[in-house]
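# Structural overview
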Amino acid sequence: MALLRRDSLVTRQLLRLVLLHTAWEVGSGQVRYSVPEESKHGTFVGRLAQDLGLEVAELVPRMFRMVSSGRRDYFEVNLQSGVLFVNSRLDREELCGQSPLCAMDLEVIVDKPLRIFHVEVEIQDINDNAPAFPVPEKNLFILETRRPDSRFPLEGASDADIGTNSLLTYKLSLNEYFSVDFQKNNEQRKSLVLLLKEPLDREETSEHRLLLTATDGGKPELTGTVQLVITVLDANDNAPIFNQSVYEVRLLENAANGTLIIKLNATDLDEGINKDISYSFSNSFNPNLRNMFSLDPNTGEVRFKGELDFENISLYELQIEATDKSAFPLTGHCTLVVEVLDVNDNSPELAVTSLSLPVPEDAPPGTVVALISVSDRDSGNNGKVTCSIPPNLPFRLVSTFKNYHSLVLAEAVDRERVSEYKLVVTARDGGAPSLSASSSILVPIADVNDNAPAFPQPVYTVFVKENNPPGAHLLTVSASDPDLRENAFVSYWVVERSVGEQPLSSYISVHSESGHIYALQPFDYEELQVLQFQVSARDAGFPSLCGNVTVQLFVLDANDNAPAVSPAGSVGGSPGPELVPLSAGAGHVVGKIRAVDADSGYNAWLRYEVQEPGAAGPFRVGVYSGEISTTRALEEADGPSQGLVILVKDHGEPALSATATVSLSLVESPQAVKWDSRPRSGSEGPLVDMNVSLMIAICSVSGLFVLVIVVYVGLRCHPGPEVMCGPGKATVVCSSEVGSWSHSQRQSRNLCVGEGTAKNDLMVFSPNFPHSVENGDKEKHQAMKPNLCGSVSEDVLFFMSEII
């Protein structure tokens, strides 16, 4: 029994020791940390495992866990490192409010063996809350009669922080009337008052807007503000005041009844009924004046209600009062001085005399046009008169004496530009408002013969076909003259000159008034191609002026000349028949028809043909050369003689023609026949040359006009055995019998022409005859003998053919 008791005692002691050891273990596990509020997630708090004496490696095996007293897990332990860190945002004011101490209790539990540790984390306050007033704007109402040192309580600001972060100081915006006083009676009682330093005057400043700022003691400092709106309440301490003590008004003597003279304005700095004002005349006001002036008690309008007479009374003085409507009214005073002014009731009078009209357009500047006098019956400025005319006119006014002016020409005038001017002369006095009078002056400009007749174009060109009837109207010229009457009357005449041996007036005439130009005789193109003359236009002014124009008259050719064959019935140049040897072969030239046409161009281009082709037998005639040649070898059956009638026609419209009869005798002896193309007599040479000239002229025709290029050279063919005008040497015909234009290689072509009159419309081209048996030798390319007249380069001939 005693043993059992001893064992029980031992067991109790051991249990007591275990409990004591456990309690020591638990007590020794208290750990304290601190962390600022608003720390971010992951912020380091402390090395919890190390501070609790636990190994990091045993945290997981011993089932390390942490329990907080709050609903949220604000802290967490990293089991890999044993570090305690912030898990979510900490707001000390949210967790602990205004409590001075803010701490969170954590319990850490581990097993094997079971151990419990107490961890306390203090949340440190930071200055994250600015002072805040209850309202953003505070209205105060203070009577302007309150004395200095009066105190007005204010509600202070609050700060959610603690400690020094919540210690507030106050500051008022700079002003001369108010300040703030902040007193601490104890920790719980604090008083904030607004202190009046200087007397208030509502009339000076009716409202004061001040900014009250509260600043906490944190670092950095945070502030909060409230707008203090202090309204000063009125007291009747101000009398009405006029904006000036004396009013001076000028009134015209003809002012109408009821005219407003002035509207008086008095102000009272008070408010309410203290500022309502009533106007009245003073008690000392002359009763007689009450019938002339009225005063509205509410608006202060002073009106005239009688009649003013400047000559009777020129000045009135009125005493006026302004009284407020308070229980103890105050009064202000002013003086109204009304000056009566003389009225400008007379307009100026204006008179225009001594007009020098009309004004010649060549009058020099400074010429006097008119004299003007002005007057005004008023006096002073009302009687001072000034004269004026509109600007931008070639006139000006010159003051010659008091109230006298001269209207003179300021610059040259041109009647053709402006024929008359209408001036308005205005006389204006110096009154206010000014009065004026005006007078109109019409200034016509007289014409002077200063413009010569002018034609609309410098040259007139007219084309006239020859053989026109006498008196035919050719054209009309017209000149204009901007002057007037006789200065603009234009007459025409031709400027006389000689045309050849005749005067110009024998060809044309001009109508002196209409400008019609007529032909006095028919024109002959063969005698006159171009007639150039001048027509003069003269006006009837004094002195007269004239202008000239050039007229170019071109005479156009007409087919009025038939071909002329010379000599009649002759081929070889002798009056007898032509002898043709029977031995002559095909192509033998037996003679040549020579014909000329006095016309030009197509009208002078000649064509040769047998009038009756069936009777021509073995003969033919060159279409453009006029040469008679055999078409085949002659036979005795052709008979002893042949007669050919050759028809020569030009190319005019209509064509003109002539005929020539040629007698041919066939002989057996060839010695008896020697046909020579050289001239047989002195009169035949020019005919041959003329024939060549006509053939050249035919080649120069193109289109409607004959190209006038002088190629004809006055060359002559002298008799001699070396010279022959035929196809073997240089030839002046222009084409083959088919009429084709052509040119050959570069070589010199010689012109064989006579002494006939040169034509200025000729063109030379190289022939394109086929090589003949008789003339196929080298003579075709040899140069002519030195006794020939001259040569024309083939390049020139080709160039002229290209122009056509």
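Strand order in this open sheet of four strands is E24-E26-E29-E28, and the pairing throughout is antiparallel. Taken across any chain shown, the strands that pair with only one partner, and hence form the sheet edges, are strand E24 (349-353) and strand E28 (395-401). Each adjacent strand pair in this sheet contributes to an overall mean axis angle of 25°, direction not counted. By the bridge criterion, five bridges tie E24 to strand E26 (residues 368-375) in an arrangement that is antiparallel. If you follow Ala351 over to E26, its bridge partner there is Ser373.

This part covers unusual backbone geometry. In this model, Lys112 is joined to Pro113 through a cis peptide bond whose omega is -10°. Assignment of secondary structure puts Pro113 in the loop between strand E6 (103-110) and strand E7 (115-124). Geometrically, the link from Ala432 to Pro433 is a cis peptide bond, its omega value of 0° lying close to zero. Tracing the backbone through its elements, the reader meets Pro433 in the loop between strand E30 (420-429) and strand E31 (436-446). For Asp149, which is not a glycine, the phi torsion comes out positive at approximately 75°. Turning to its location among the elements, Asp149 is positioned in the loop between strand E8 (137-143) and strand E9 (151-154). With relative accessibility at 60%, the residue Asp149 sits in the exposed group. Located in the positive-phi region is Arg485, a residue other than glycine, with phi close to 50°. Looking at the element boundaries, Arg485 is found in the loop between strand E33 (473-476) and strand E34 (490-494).

What follows is about the side chain of Arg202. Its place among the elements puts Arg202 in the loop between strand E12 (190-196) and strand E13 (207-215). Among residues more than four places away in sequence, those in contact with Arg202 are Glu144, Val232, Leu233, Asp234, Leu269, Asp270 and Glu271.

Let's shift gears to the pairing of strand E48 (residues 641-649). Pairing between strand E45 (residues 607-610) and E48: four bridges, direction antiparallel. Looking across to E48, one finds that Val610 is bridged to Ile646. In the sheet, E48 pairs with strand E49 (residues 657-667) via nine bridges, with the strands oriented antiparallel. Bridged to Gln642 within E49 is Leu664.

What follows deals with a negative patch on the surface. A surface patch of negative charge is lined by Glu176, Glu198, Asp201, Glu204 and Asp237. Checked against the element boundaries, Asp201 lands in the loop between E12 and E13. Accessibility expressed as a relative area gives 31% for Asp201, which makes it partly exposed.

If you walk through the whole model with that rule in mind, you get one disulfide. With its sulfur 1.8 Å from that of its partner, Cys96 forms a disulfide with Cys102. Between Cys96 and Cys102, the S-S dihedral sits near 65°, and the bridge is therefore right-handed. In this structure Cys96 comes out as partly exposed when scored by relative accessible area, which is 22%.

The next point concerns the packing of aromatic side chains. Enumeration according to the criterion identifies 14 aromatic pairs in this entry. Between Phe455 and Tyr460, the ring centres sit 6.5 Å apart and the planes meet at 80°, which makes this aromatic pair edge-to-face. Note on Phe455: relative accessible area 13%, which makes it buried. For Tyr460, a relative accessible area of 9% gives the class buried. Ring geometry for Tyr602 against Trp605: centres 5.8 Å apart, planes inclined by 50°, an arrangement best described as tilted. Put simply, the rings of Phe133, Tyr170 and Phe182 touch in pairs and so form one group of aromatic residues.

A few words on the sheet that holds E48. Within a sheet, adjacent strands bond to each other through the backbone by hydrogen bonds, running parallel or antiparallel. Taken together, the four strands give an open sheet; going across it, the order is E42-E49-E48-E45, and neighbouring strands pair in mixed fashion. The sheet is open, and its two edges are formed by strand E42 (578-581) and E45, each paired on a single side. With strand direction ignored, the average angle separating the axes of adjacent strands in the sheet is 35°.

For the rest of this paragraph, the subject is the confidence of the model for the chain. On average, the chain scores 77 in pLDDT, and the residues at 70 or more come to 77%. Mean pLDDT across the elements of the chain ranges from a minimum in strand E52 (residues 748-750), with 31, to a maximum in strand E38 (residues 516-519), with 96. Predicted confidence for residues 674-804 stays below pLDDT 50, and this span has 213 contacts to residues more than four positions away or in other chains.

Moving on, we come to the environment of Leu330. Along the chain, Leu330 turns up in the loop between strand E22 (315-324) and strand E23 (331-341). Along the chain, Leu330 and Asn238 lie 92 residues apart, while their C-alpha atoms are 7.4 Å from each other. Those residues within four positions of Leu330 in sequence are excluded, and the remaining contacts are Asn236, Asp237, Asn238, Ala239, Pro240, Ala322, Thr323 and Asp324.

A word on the side chain of Thr215. Topologically, Thr215 is positioned in strand E13. Under the relative-accessibility criterion, Thr215 is labelled buried at 16%. If sequence neighbours within four positions are ignored, Thr215 has contacts with Pro131, Leu167, Leu168, Thr169, Glu221, Leu222 and Thr223.

Scanning the entire structure with this criterion turns up 19 salt bridges. Between Glu93 and Arg92 there is a salt bridge, and its shortest N-O distance comes to 3.7 Å. Using a relative accessible area of 1% as the deciding quantity, one classes Arg92 as buried. We note a salt bridge from Arg415 to Glu416, for which the minimum N-O separation is 3.2 Å. Counted as one network, the salt bridges with shared partners bring together Glu38, Arg89, Asp91 and Glu94.

Cut-offs used in this document
Residues numbered from 1 in each chain as written. Predicted model: local features only at pLDDT ≥ 70, side-chain atom pairs only at ≥ 80, totals over all residues. Heavy atoms only, no water. Pairing = 2+ DSSP bridges. Helix = DSSP H or I, 4+ residues; strand = E, 2+ residues; numbered from the N terminus. Axes fitted to C-alpha atoms, helices over the stretch in contact; angles between N-to-C directions. Buried < 20%, exposed > 50% of the residue type's maximum accessible area, 1.4 Å probe, protein only. Contact = heavy atoms within 4.5 Å. Patch = residues over 30% accessible without salt bridge, like charges linked within 9 Å, V, L, I, M, F, W, Y side chains within 5 Å. Areas by Shrake-Rupley, 256 points an atom, 1.4 Å probe, with all protein chains shown as cover. Salt bridge = Lys/Arg side-chain N within 4 Å of Asp/Glu carboxyl O. Lys, Arg positive; Asp, Glu negative; His and termini not counted. Charge placed at Lys NZ, Arg CZ, Asp CG, Glu CD. Disulfide = S-S within 2.5 Å. Phe/Tyr/Trp six-rings, centres within 6.5 Å; stacked < 30°, edge-to-face > 60°. pLDDT = per-residue confidence, 0-100.

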